[in-house]
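# Summary of the model geometry
So you can see what is in the structure, the chains are spelled out below.
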Amino acid sequence: MLRSHTCGQLRAAHIGQTVRLSGWVNRVRNHGGLAFVDLRDRYGLTQVVLDPQAAPAAFAGGSDLAAEWVVAVEGLVRARPEGQTNVDMATGEVEVLVQSLTVLNPSQVPPFEVAREINVDDSQRLRYRYLDLRRTRMRRNLLLRHQITAFVRAFLNDEDFVEVETPILMKATPEGARDFLVPSRVHPGKFYALPQSPQQLKQLLMVAGLDRYYQIARCFRDEDLRADRELEFTQVDMELSFVEAPDIMALNERLFLDLVKSVTPELRIRQEPFPHISFHEAMERYGSDKPDMRFGLELTDLAPALAATAFRVFASTLADGGRVKAVAAPQTFTRREIDELEALMKELGAAGLAWLTREAGGESRGSVAKALTAEEQGAIFELTGAQPGHTVFIVAGHAALVAKCLGRLRQDLARRLNLIPEGELCFAWLVEPPLFEWNEDQGRWNSVHHPFTAPDPRDLALLDSDPGQVRAMAYDVICNGYELGGGSIRIHDRAIQQRVFALLGLSAEQTESQFGHLLRAFDFGAPPHGGIAWGLDRTVAILAGESNIREVIAFPKSLSAVDLLTGAPSSVPIEDVHILGLRLAASDPPDASAALPATG
RNA sequence: GGGGGCGUGGUGUAGCGGUUAACACGCCGGCCUGUCAAGCCGGAGAUCGCGGGUUCGAUCCCCGUCGCUCCCGCCA
């Protein structure tokens, strides 16, 4: 071993021992006649002292040291002098008086300072990710991620779950996101797809009698990236047999609660047990299917106040079946702030943002202060609970647009008004989502979740008469405005499955070619089953207090889907393309393969 | 595919139609025996992302482009 202890280990109890430490030079403080070096490894920092009187050779050798050199030292643990202990350091009571020093590997001057906790340009961090990962923030996040996966495995193992790996090379599926395709060399013109999730396989495992399956599974979706979306991400995926929705929700709720109490006990859980809110209610009250419920600012329907309004914009919206809704904020706004908010609304597709500030003595001002009667304004203030000095923001339009705009406005106002409590987690279950949504482009129904989600038995009759009203036996777990995950009870009844496929516009031939394997399995005794999958990256990010999942992924892609560390995606020799039975499109440079970039 | 923000020594920032392009950290040299963001002195280091345009003059204004980023579309 090149060390006897780690750099985070030594305490007063070790005083008098001779130890060997290895690590990176975090910082050097050279006083000329005496030098201090902070040695760093994953476990912490230890101050080592180079004293020419104690070890002239080590002192001489140490005069070259610079940040990020890898060194080993051997020396004596001793108490720091009176008044020199460092209370901010776990090892701050002691130091190591170096007797010998070995440079294991020098370092170039790093492109950014590892030891300083400053913002560094993202592309720089990704290009030198191995240096970024040495920094406190990323080390902390990766360790938290490990604690979370370790906890999840222990919890589920203890609940009799079996961890099963499923293939990465899969069959392409038409539903859902765009697949990553992998051409087959053995079968030219045919493709594997990387899994968007192990959905079908985990259902087959239920047919196989595994009873309880889980996997910390990598998933792939070829869609544009966001702060909370990567090309590849990790799901905690599980499926259970002989259960009903409340069983799955209860198990996962217990998992989340125990997890938070175990790995981030400093975070408060706002409400426990988790509140349940229907999809419909979430859209009505918060304008979102993943509302951040750490603050109020709920949406108000203004229709009752505007039943007979002469203001054309609102009257015609209501007459056309649209909605006029509002968010009330407990303060006034400057013209500039209102312009910013209106610009945001227009960006999202709203025609405009109406506003009304209530003033003392029944007065008001705002963009619709003259367009609405005193009675209408009074009713609006009444409905929204706006007091004098408060401002009501109003958006009119079709229901989905109003929800999108006000849901976002609510979030934006909460941030501006500093209404979002720190260190708090507000979990909730979002229940009773619709089973289908109408696909305008293709003129047919789409599954909201996936085609195997069971309809609520209470709504079976609606499958034929009004599919849009059918509720799904599905549930999402949300937290602080993020969708952490979702799941459902699956269809195990062949007849219902076929009615769903029919509604999705799938012919018998398409059903057979796309899902035949699954349906055949269900003909051999499928147990009632259901499951859930939740996003590990988002969960870690929330618990780490990060707003971007790249901060909790060791080697993420940039937002433009490029791996800045390795240079992927890259060109390949054209023969490698041809051997797969592929030809590049004519618009591509014919010698694209010649541009194989040097790695590193 | 669309919209917004950012791009200035190695790093993080300031600046602005005419500057010797400023500051901090880092780096290099010197001094320094109790520091822990060590200190003090000195120094090097920037064709202001790239291309074009406007202008007597552009780091600054305009257009295009590239990179990072946030959002819409897309995606559960």
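Everything discussed here concerns the structure shown above.
Rules of the game
- Residues numbered from 1 in each chain as written.
- Chains lettered and ligands numbered in written order.
- Predicted model: local features only at pLDDT ≥ 70, side-chain atom pairs only at ≥ 80, totals over all residues.
- Heavy atoms only, no water.
- Helix = DSSP H or I, 4+ residues; strand = E, 2+ residues; numbered from the N terminus.
- Buried < 20%, exposed > 50% of the residue type's maximum accessible area, 1.4 Å probe, protein only.
- Contact = heavy atoms within 4.5 Å.
- Areas by Shrake-Rupley, 256 points an atom, 1.4 Å probe, with all protein chains shown as cover.
- Lys, Arg positive; Asp, Glu negative; His and termini not counted.
- Charge placed at Lys NZ, Arg CZ, Asp CG, Glu CD.
- 1 Å grid on protein atoms, 1.4 Å probe; cavity = no way out; pocket = protein on both sides within 12 Å on 5 of 7 lines; lining within 4 Å.
- Points joined across faces, edges and corners; volume = space filled by probe spheres on them.
- Nonpolar A, V, L, I, M, F, W, Y, C, P; charged D, E, K, R; others polar.
- Pairing = 2+ DSSP bridges.
- Axes fitted to C-alpha atoms, helices over the stretch in contact; angles between N-to-C directions.
- Parallel < 35°, antiparallel > 145°, perpendicular 65-115°, else oblique.
- Left-handed = near helix turned anticlockwise from the far one by under 90°.
- Disulfide = S-S within 2.5 Å.
- Core = buried A, V, L, I, M, F, W, Y, C linked by side-chain atoms within 4.5 Å.
- Near = heavy atom within 4 Å.
- Polar contact = N/O pair within 3.5 Å; in protein donor to acceptor, adjacent residues only side chain to side chain.
- Expected span 1.5 Å × (residues − 1).
- Salt bridge = Lys/Arg side-chain N within 4 Å of Asp/Glu carboxyl O.

As a further point, take the overall build of chain A. Counting its secondary structure elements, chain A contains 16 helices and 24 strands. Residues classed as buried in chain A amount to 48% of the 600 residues present. The contacts of chain A with a sequence gap of at least 6 include a subset with a gap of at least 24, amounting to 67%. When the accessible surface of chain A is summed, it comes to about 29,300 Å², and 52% of that surface belongs to carbon and sulfur atoms. For chain A, the distance from the average position of its 62 positive side-chain charges to the average position of its 79 negative side-chain charges is 3 Å.

Estimated volume of the second largest pocket: approximately 570 Å³. As for the second largest pocket, its lining consists of 17 residues, of which Phe180, Leu181, Pro183, Pro569 and Ser570 are closest to the centre. Looking at the lining of the second largest pocket, its residues break down into 14 nonpolar, one polar and two charged.

In this chain, Glu272 is followed by Pro273 through a cis amide linkage whose omega measures 0°. Tracing the chain through its elements places Pro273 in the loop between strand 11 (268–269) and strand 12 (276–278). The peptide bond linking Ala568 to Pro569 adopts the cis configuration, its omega dihedral lying at 0°.

Looking now at the sheet that holds strand 14 (residues 323–329). One open sheet accounts for five strands, arranged 13-14-17-15-16; its pairing is antiparallel. Single-partner strands in this sheet number two, and they are strand 13 (299–301) and strand 16 (364–365). One ladder, built from seven bridges, connects strand 14 with strand 17 (residues 391–397); its direction is antiparallel. Bridge pairing in strand 17 places Val327 opposite Phe393. Contacts from helix 10 (residues 374–384) reach strand 13, strand 14, strand 15 (354–358), strand 16 and strand 17 within the one sheet, and its direction differs from that of strand 15 by about 85°.

A separate point is the packing of helix 4 (residues 136–158) against helix 15 (residues 536–544). Packing of helix 4 against helix 15 leaves a shortest axis separation of 10 Å and a crossing angle of 120°. The pairing of helix 4 with helix 15 is recorded here as oblique in orientation. Between helix 4 and helix 15 lies a crossing whose hand is right-handed. Contacts from Arg140, Asn141, Leu144, Arg145, Ile148 and Thr149 of helix 4 reach helix 15 at Leu536, Asp537, Val540, Leu543 and Ala544.

With that out of the way, let us pick up the state of the cysteines. Taken as a whole and judged by the stated rule, the model has zero disulfides. Looking at Cys479, it has no disulfide partner, and the nearest cysteine sulfur is the one in Cys426, 7.2 Å off.

Here we take up the environment of Pro111. For Pro111, the location among the structural elements is in the loop between strand 5 (94–105) and helix 2 (122–127). Here Pro111 is in contact with Gln124, Tyr128 and Leu131, once residues within four sequence places are set aside.

A word on the nonpolar core. In terms of nonpolar packing, the biggest core is built from 66 residues, with Ile148, Leu156, Met238, Phe427 and Leu543 touching the most fellow members. Residue contributions to this core peak at 10 residues, all from helix 6 (residues 245–263). Dropping the residues within four chain positions of it, Phe427 is found in contact with Phe256, Val260, Ile269, Phe274, Pro275, Val477, Ile478, Cys479 and Leu484. Counting 24 residues, the second largest nonpolar core, distinct from the first, contains Leu341, Ala350, Val402 and Cys405.

The subject of this paragraph is the protein's contact with RNA strand B. Neighbouring RNA strand B are 48 residues; Arg27, Gln84, Glu95, Glu223 and Asn548 lie closest to it. Restricting the count to atoms of RNA strand B within 4 Å of the protein gives a sugar and phosphate share of 54%. Between RNA strand B and Arg116 there is a distance of 3.0 Å, counted from a sugar or linking oxygen to a side-chain nitrogen or oxygen. Ala227 is positioned with one of its backbone polar atoms (N or O) 3.4 Å from a phosphate oxygen of RNA strand B. For the surface near RNA strand B, a count of residues per class yields 13 nonpolar, 16 polar and 19 charged.

What follows is about the sheet that holds strand 3 (residues 44–50). Ordered in space as 1-2-3-5-4, the five strands form a closed barrel in which the pairing is mixed. Across this sheet, the average inter-strand angle for adjacent strands is 55°, counted without regard to direction.

Attention now goes to helix 4. For helix 4, which comprises 23 residues, the first-to-last C-alpha distance of 33 Å matches the rise-based estimate of 33 Å (1.5 Å per residue) to within 8%. Among the residues making up helix 4, those that are buried are Met138, Arg139, Asn141, Leu144, Arg145, Ile148, Thr149, Phe151, Val152, Phe155 and Leu156. At the exit of helix 4 stands Asp160, carrying a positive phi of roughly 75°.

So, about the pattern of salt bridges. In this structure the tally under the stated criterion is 48 salt bridges. The salt bridge partner of Arg270 is Glu424, with a shortest N-O separation of 2.5 Å. One end of the pair, Arg270, is in the loop between strand 11 and strand 12; the other, Glu424, is in strand 18 (residues 424–425), with 154 residues separating them in the sequence. Arg270 sits in the partly exposed class, given a relative accessible area of 41%. Between Asp464 and Arg499 there is a salt bridge whose closest N-O contact spans 3.1 Å. Taken together, the residues span a long stretch of sequence, with Asp464 in helix 12 (residues 462–465) and Arg499 in helix 13 (residues 494–503) at a distance of 35 residues. Using a relative accessible area of 63% as the deciding quantity, one classes Asp464 as exposed. When salt bridges with common partners are traced through the structure, they connect Asp122, Arg125, Arg129, Asp132, Arg135, Arg137, Glu546 and Glu551 into a single cluster.

As for its placement among the helices and strands, Thr309 is situated in the loop between strand 13 and helix 8 (312–319). Looking at Thr309, its side chain comes within polar contact range of the side chain of Glu376, at 3.2 Å. Discounting chain neighbours no more than four positions away, the residues touching Thr309 are Phe314, Ala315, Leu372 and Glu376.

Relative orientation of the contacting elements helix 13 and helix 14 (residues 508–522) amounts to 160°, with a least axis distance of 13 Å. Taken together, the axes of helix 13 and helix 14 are roughly antiparallel relative to one another. You can see that helix 13 and helix 14 cross each other, and the crossing is right-handed. Counting all contacts with helix 13, which are made through Arg494, Gln497 and Phe501, the residues of helix 14 involved are Thr511, Phe515, Leu519 and Arg520. Of the residues that constitute the contact of helix 13 with helix 14, the class distribution is three nonpolar, two polar and two charged.

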